[in-house]
Amino acid sequence: MKKTALIFGITGQDGSYLAEILLKKNYIVHGVKRRSSSMNTSRVDHIYQDPHDKNYKFRLHYGDITDSSSVSSVIEKTKPNEIYNLAAQSHVAVSFEVPEYTANADALGALRILEAIKFHKLEKKTKFYQAGTSEMYGKVQKVPQDEKTQFYPLSPYGVAKLYAHWITKNYREAYKIFACNGILFNHESPRRGETFVTKKIVSALCKIKEGKQKKLFLGNLNAKRDWGHARDYCYAMWKILQQKKPDDYVIATGIQYSIKQFINITAKKLKMKIKWKGKGFNEKGFNEKGYPIIQCDKNYFRPLDVNTLLGNSKKARRNLKWKPRENIDSLIEEMIKFEYFHLQNDK
Ligand code: NAP
Ligand code: G4F
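Source: prediction; values computed, not measured.

K.L.:
Could you give an account of the overall build of the protein, with specific residues and numbers?
P.N.:
Each helix and strand counted, the protein has 10 helices and 15 strands in total. The C-alpha radius of gyration computed for the protein amounts to 20 Å, which stays within 12% of the reference 20 Å derived for 347 residues, consistent with globular compactness. With respect to the principal axes defined by its C-alpha atoms, the protein has extents near 65 × 50 × 40 Å. Each of the 347 residues in the protein was classed as buried or not, and the buried ones make up 54%. For the protein, contacts bridging at least 24 residues in sequence account for 75% of all contacts bridging at least 6. Summing over all exposed atoms, the protein offers an accessible surface of approximately 17200 Å²; the carbon and sulfur share of this is 51%. Charge centroids of the protein, computed over 62 positive and 35 negative side chains, lie 4 Å from each other.

Structure below.
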């Protein structure tokens, strides 16, 4: 019998990589997409199948993680072996602007799925993966962070995800659901949303080099992140659900860079020279001609920011036999290649 998976958040960066991984493993993949006024399926269009095809392996359903009835009905309809909850308002800065919606989607979303598993008596059949985040460590209490490190979230997003983390543990212990938390550190790819910092940097520097953009405006240049590749991290999600016992795992590379270092590495790969002058908010990046191409903008600073994140994924490496295949160089090179493909092929 083929296994069936249901992915909430299939149209996002991770949803698309996870769907590819599961299809390669011969799963039947169902995905939940929300209604939007413009198309939101570009990341999964290449694996889309005609719904009239009786031997389908991939199917999309309308639904919304903030709508209990749609969550419940898609779970009842598909009765999946595995559910991956990747649906979220995933932008930390935006969570300060729309905190209530963020809590509804990111905290209660997990609860809605767990309740539906229980309501439809799927506790023995359906495994559940919750997309947790290193943002829950926030004001870090230990370096590096592992599964035992105390959480201290610094954003409405981090707080909402912490609820989802604990409700997942709670349903595991109370109802014996095979429910697991992945605590994933930042992971990027060419499919990353345009407003996340890595995508913003790679895209802007490519355009600046090609004379299609003049300047890049950013916020905090000194924050440090442990960046991995989304494809590697989605493979870890699947591995987490294949273990004998449900558990929680940190997924990280164990190497961190600052935003400024990420810019410098990207610029070097593009054979661009950036000279930094000034301090703090007034720090600017100048090109060879002395023109400021990188500058801070107060709109990109957050009321609170997580200054440093560095993960210890020893447990995942030992129990899941997981380790990242990509590193910062291969990640940035792939992102640059993708930008150039679009610069040359898009109108
Ligand atoms: P993403 O690209 O922003 O994708 C989020 C997905 O959730 C999209 O498919 C989005 O749909 C969907 N979604 C948002 N609100 C929804 C709603 N109300 N109902 C149904 N679907 C909704 O995020 P990602 O980078 O793939 O991350 C996947 C998950 O991992 C998220 O939960 C994120 O918080 C978490 N996470 C990410 C990272 C990271 O570094 N990427 C690290 C740790 C944890 P649309 O396409 O229609 O917007
Ligand atoms: O790319 P970011 O927006 O990612 P952030 O806030 O770390 O969140 C991402 O990773 C989390 C895992 O830790 C996920 F849970 C979450 O869903 C998301 O995927 O910002 C990274 C850093 C921050 O310190 C931010 O202040 O970059 C800094 N930054 C500086 N200038 C900027 C900018 N971030 C953005 N988005 N845009 C800027 O212009």
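K.L.:
Which residues make up the sheet that holds strand β3 (residues 58-62), and what values do they have?
P.N.:
What links the strands of a sheet is backbone hydrogen bonding, and the strands pair in either a parallel or an antiparallel sense. With parallel pairing, the seven strands of this open sheet are ordered in space as β3-β2-β1-β4-β5-β6-β11. If you trace the sheet from one side to the other, it starts and ends with β3 and β11 (249-251), each paired once. Strand after strand, the sheet turns through a mean of 20° between neighbouring axes, direction not considered. Where strand β2 (residues 28-33) lies against β3, five bridges are found, and the strand directions are parallel. Looking at β3, one finds that V29 is bridged to F58. Lying on the sheet, helix α5 (residues 156-175) is in contact with β5 (127-133) and β6 (179-184); it crosses β6 at an angle near 150°.

K.L.:
I'd like to hear about the site of ligand 2, residue by residue, with values.
P.N.:
Looking at ligand 2, there are 24 residues lining it, with T133, S134, Y157, R302 and D305 nearest. Within the side chain of K200, a nitrogen or oxygen atom sits 2.7 Å from an oxygen atom of ligand 2. Taking G219, its main chain carries an N or O atom lying 2.8 Å from a nitrogen atom of ligand 2. Look at ligand 2: alone it shows 710 Å² of surface, and the protein chains cover 95% of it. Looking at the shell around ligand 2, its residues break down into 10 nonpolar, eight polar and six charged. Viewed by domain, the shell around ligand 2 spans two of them, domain 1 (4-190 + 228-255 + 309-325) and domain 2 (197-221 + 258-305 + 335-346), each represented by three or more residues.

K.L.:
Lay out the sheet that holds strand β14 (residues 284-286) with the relevant residues and their values.
P.N.:
Spatially, the four strands line up as an open sheet ordered β8-β15-β14-β13, and their pairing is mixed. Both edges of this open sheet fall to β8 (216-218) and β13 (275-277), since each of them pairs with a single strand only. In this sheet, adjacent strand axes meet at a mean angle of 20° when their direction is disregarded. Where β13 and β14 come together, three bridges link them in antiparallel fashion.

K.L.:
Hey, could you go over the pairing of strand β15 (residues 292-296) for me, with residue numbers and the actual values?
P.N.:
For β15, a buried count of five out of five residues is recorded, marking the element as mostly surrounded by other parts of the structure. Relative to β15, β8 runs parallel, the two sharing three bridges. When the sheet's bridge partners are listed, L216 is paired in β15 with I294. In terms of strand pairing, β14 meets β15 through two bridges, oriented antiparallel. Each bridged residue has a counterpart across the sheet, and for G285 the counterpart in β15 is I294.

K.L.:
So what's going on with the site of ligand 1? Which residues, and what values?
P.N.:
Close to ligand 1 lie 24 residues, the nearest being T11, D64, S90, Y101 and Y157. Here D14 contributes a backbone N or O atom positioned 2.8 Å from an oxygen atom of ligand 1. In the environment of ligand 1, an oxygen atom lies 2.7 Å from a nitrogen or oxygen atom belonging to the side chain of S90. Protein chains bury 90% of the 900 Å² of accessible surface belonging to ligand 1 in isolation. No other element matches the three residues that β5 contributes to the shell around ligand 1. Residue classes in the shell around ligand 1 are distributed as nine nonpolar, 10 polar and five charged.

K.L.:
So, the side chain of T266: which residues are in play, and what are the values?
P.N.:
Examined against the element boundaries, T266 turns out to sit in helix α8 (residues 259-269). If we skip the residues at most four places from it in the chain, T266 touches I201, V202, L205, I332 and I336.

K.L.:
Report on the side chain of H91, specifying residues and quantitative values.
P.N.:
Mapped onto the elements of the fold, H91 is located in the loop between β4 (82-85) and α3 (92-97). Accessibility expressed as a relative area gives 12% for H91, which makes it buried. Contact partners of H91, with chain neighbours within four places excluded, come to T195, F196 and R302.

K.L.:
Which residues make up helix α1 (residues 13-24), and what are the values?
P.N.:
Here α1 contains 12 residues, and its C-alpha end-to-end distance of 17 Å stays within 8% of the 16 Å for a straight helix at 1.5 Å per residue. Counting buried residues in α1 gives 11 out of 12 residues, a clear majority hidden from the surface. The complete set of buried residues in α1 reads Q13, D14, G15, S16, Y17, L18, A19, E20, I21, L22 and L23.

K.L.:
Break down a nonpolar patch on the surface for me, with residues and values.
P.N.:
A grouping of V94, V98 and Y101 is seen on the molecular surface, where their side chains present a nonpolar patch of about 210 Å² in accessible area. Mapped onto the secondary structure, Y101 falls in helix α4 (residues 99-119). On the basis of relative accessibility, which here comes to 35%, the residue Y101 falls in the partly exposed class.

Rules behind the numbers
Per chain, residue numbering runs from 1 following the sequence as it is written. Chains and ligands are labelled by the order in which they are written, letters from A for the one and numbers from 1 for the other. Restriction of local features to residues with pLDDT of at least 70 applies here, the model being predicted, together with a cutoff of 80 or more for giving and counting side-chain atom pairs; totals for whole chains, interfaces and linings are based on all residues. Computation of side-chain values: all heavy atoms of the structure, hydrogens and water removed. Think of it this way: any DSSP run of H or I at least four residues long counts as a helix, any run of E at least two long counts as a strand, and we number them from the N terminus. The reference for a compact globule is 2.2 Å times residues^0.38; the radius of gyration itself is calculated from the C-alpha atoms. Classification of residues uses two cut-offs on accessible area relative to the type maximum, computed with a 1.4 Å probe and protein chains only: under 20% is buried, over 50% is exposed, and between them is partly exposed. It only takes one pair of heavy atoms within 4.5 Å for two residues to be counted as in contact. Note on areas: Shrake-Rupley with a 1.4 Å probe; residue coverage comes only from the protein chains shown. Charge counting treats Lys and Arg as positive and Asp and Glu as negative, with His and both chain ends excluded. Just so you know, the charge point we use is NZ for Lys, CZ for Arg, CG for Asp and CD for Glu. Following DSSP output, two strands are said to pair if at least two bridges run between them. Fitted lines through C-alpha atoms serve as axes, helices being fitted only where they are in contact, and the angles separating the N-to-C directions of these axes extend from 0 to 180 degrees. Residues are counted as near a molecule or strand when any one of their heavy atoms sits within 4 Å of it. N or O atoms within 3.5 Å of each other form a polar contact, as long as, within protein, one can give a hydrogen and the other can take it, and as long as residues adjacent in sequence are counted only when both atoms are side-chain atoms. Side-chain classes are defined by residue name, with Ala, Val, Leu, Ile, Met, Phe, Trp, Tyr, Cys and Pro counting as nonpolar, Asp, Glu, Lys and Arg as charged, and the others, Gly among them, as polar. An automatic or database domain assignment is the source of the domain bounds shown. One fewer than the residue count of a helix, multiplied by 1.5 Å, yields its expected span. Candidates for patches are residues over 30% relative accessible area with no salt bridge; among them, like charges are joined within 9 Å and nonpolar side chains (Val, Leu, Ile, Met, Phe, Trp, Tyr) within 5 Å. We define a salt bridge as a contact between a side-chain nitrogen of Lys or Arg and a carboxyl oxygen of Asp or Glu at a distance within 4 Å.

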